[in-house]
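Now for the letters of each chain:
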Amino acid sequence: MRASDLRTVTAEARDAARNHRLRLAVIIPVFNNGELLRTRAFPSLVNSAYFAQMHILLIDDGSTYTATREAVTELAVAHPNVTAFFHPEGGSGSASRPRNTGLELAFTDYLTYLDPDDEMLDDGYWKLVEDLEAEPRAQFALGDEITDRNGQQRLLPNRPHYGKLADAEGLIRLSKNALRRTGFRPTSIEAMVVRTQWLKEQKLQQVEGAAGQDTLFFLQVLQAADVCLLRDEPVYIYYADVAGSMVNAVGPGYFHKCLTLEKAQVKWLQQEGLLQDYLETRFEKFFVTWYLRQFSRVQPEHRQEVRSLLWEIACCYLSDPRAHRWQYPQSMWFFRKPGLPSLEGLRPWAAQAKLRGSAAAGQARQLTEGALTRAERLASRIRSGGDQPER
């Protein structure tokens, strides 16, 4: 299948948005996951009472699976409010390129992002649209996320993190110190609905070929905006255990993509005068709780290469990682720099120890309860004459 012509598809997308009076663009990056697109993301949208007012932008990043490209084509042919775009076969290495293309093709008042393996929940995106329509001062609105891991679901609320920025009217005021006050805490862009024209005016681009590019993109949106809205209910479901997902395939390739992201992030932080704030509130915590946790999953034959890549990531922020005053035991171990951990640095370790202790206590309790149950059954059988002890 030939790659799409951007100028042609741009005209088609603009006409579709205008002719069908579409109001919300949903940008879906696709790469070799057509089956999940058919069975998960798309049904969650098409079953919405507001589907006819959505512009579904299916941006194929160069899928090598014929079935995926056919799925994208069929959905676009079947629905007048679905527009498809195909990049040249081969892929770019991340969802950034198709998301950037989707932003170019969005001509509705509002837009959001949804991955093919995730789902909108209970018309959640449309509720955020209605929130924005009721409050013209806000540039974007956030809902909560539900994470599904092997069928176990967990709510991730935003209020505990961003509620501290609320004014008397309940608006989240995003002053220039908002990122520091929230500890640079990101939220999934799949939980966000943003005003399209405002976002285009910011000229933000997600870093191509990077891992975690949506995290940086959200921080950039937060930094650029003046006001956002919070809705205290989940708007989408993120499925964490998808085979082939970038964050579930931990090897040198993943960390190379992380390095690409970190180089771009450092440059942006420096431009915004935020680098020192990031170092003081986020850098080491993220390095330990994300990178070193992923490092523990790397196969032995790749560990030396990944160790070198993590060293490079640290050097993006620090001139000499071994001279840095590390606060977490894990980072002291990794950089071979002994020291006394801070209380903040000990918190993740203590939390993990508590979890391990709770799990061990639970297992011991189950074993004890099982032994008592078996003993009670045996005693009952002896009392009834079913089992007599030998004389």
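- The name an unreviewed UniProt entry assigns to the protein is Glycosyltransferase, from the organism Nesterenkonia massiliensis.

### What to know about the pairing of strand β6 (residues 140-149)
(1) Moving on: The buried count for β6 comes to 9 of 10 residues, which makes it a mostly enclosed element.
(2) Moving on: Note: β6 against strand β10 (residues 227-239), 8 bridges, orientation parallel. Paired with phenylalanine 140 across the strands is cysteine 228, a residue of β10.
(3) Moving on: In the sheet, β6 pairs with strand β7 (residues 152-156) via 5 bridges, with the strands oriented antiparallel. Among the inter-strand pairings, isoleucine 146 is bridged to a residue of β7, identified as leucine 155.
(4) Moving on: Connecting β6 to the antiparallel partner β7 that follows it, the hairpin turn spans 2 residues, and asparagine 150 within it adopts a positive phi of roughly 55 degrees.

### Concerning the environment of arginine 2
(1) Moving on: Residue position: arginine 2 is located in the segment before α1 (6-19).
(2) Moving on: Here arginine 2 is in contact with Arg69 and Phe86, once residues within four sequence places are set aside.

### Digging into the nonpolar core
(1) Moving on: Phe140, Met192, Leu199, Phe287 and Leu310 are the most contacted members of the largest nonpolar core, which has 70 residues in total.
(2) Moving on: Within the second largest apolar cluster, 35 residues are counted, among which are Ile28, Leu45, Phe51 and Val193.

### Section: unusual backbone geometry
(1) Moving on: Positive phi outside glycine occurs at asparagine 32, with the angle close to 55 degrees.
(2) Moving on: Summarising the element assignment, asparagine 32 is placed in the loop between β1 (24-30) and α2 (34-46).
(3) Moving on: With phi around 55 degrees, aspartate 123 is a residue other than glycine that occupies positive phi space.
(4) Moving on: Along the polypeptide, aspartate 123 turns up in the loop between β5 (119-120) and α5 (124-134).

### A closer look at the packing of aromatic side chains
(1) Moving on: Enumeration over the complete set of coordinates arrives at 22 aromatic pairs.
(2) Moving on: Plain terms: the ring middles of tyrosine 162 and phenylalanine 218 are 6.3 Å apart, the flat faces sit at 55 degrees to each other, and that makes the pair tilted. Taken together, the residues tyrosine 162 in helix α6 (residues 159-162) and phenylalanine 218 in helix α9 (residues 213-224) connect sequence positions 56 residues apart. Comparing tyrosine 162 with phenylalanine 218, the two get one shared label, buried.
(3) Moving on: Centroid distance tryptophan 311 to phenylalanine 335: 5.5 Å. Interplanar angle 55 degrees. Geometry classified as tilted.

### Considerations on the pairing of strand β3 (residues 82-86)
(1) Moving on: The buried fraction of β3 amounts to 5 of the 5 residues, a majority that puts the element mostly inside the structure.
(2) Moving on: As defined by bridge partners, strand β2 (residues 54-60) adjoins β3 across 5 bridges and the pair is classed as parallel. In the sheet register, aspartate 60 faces β3, and the bridge partner there is phenylalanine 86.
(3) Moving on: Once you follow β2 into helix α3 (residues 66-78) and on to β3, the crossover reads as right-handed.

### Focus: the environment of leucine 58
(1) Moving on: Mapping leucine 58 onto the fold places it in strand β2.
(2) Moving on: Once the C-alpha coordinates of leucine 58 and arginine 99 are considered, the two residues, 41 residues apart in sequence, prove to be 9.6 Å apart.
(3) Moving on: Among all residues touching leucine 58, those that are not within four sequence positions of it are Ile28, Leu37, Val72, Leu75, Val82, Thr83, Ala84 and Phe85.

Cut-offs applied
Residues numbered from 1 in each chain as written. Predicted model: local features only at pLDDT ≥ 70, side-chain atom pairs only at ≥ 80, totals over all residues. Heavy atoms only, no water. Buried < 20%, exposed > 50% of the residue type's maximum accessible area, 1.4 Å probe, protein only. Helix = DSSP H or I, 4+ residues; strand = E, 2+ residues; numbered from the N terminus. Pairing = 2+ DSSP bridges. Contact = heavy atoms within 4.5 Å. Core = buried A, V, L, I, M, F, W, Y, C linked by side-chain atoms within 4.5 Å. Phe/Tyr/Trp six-rings, centres within 6.5 Å; stacked < 30°, edge-to-face > 60°. Right-handed = clockwise from strand over helix to strand, strands pointing away.

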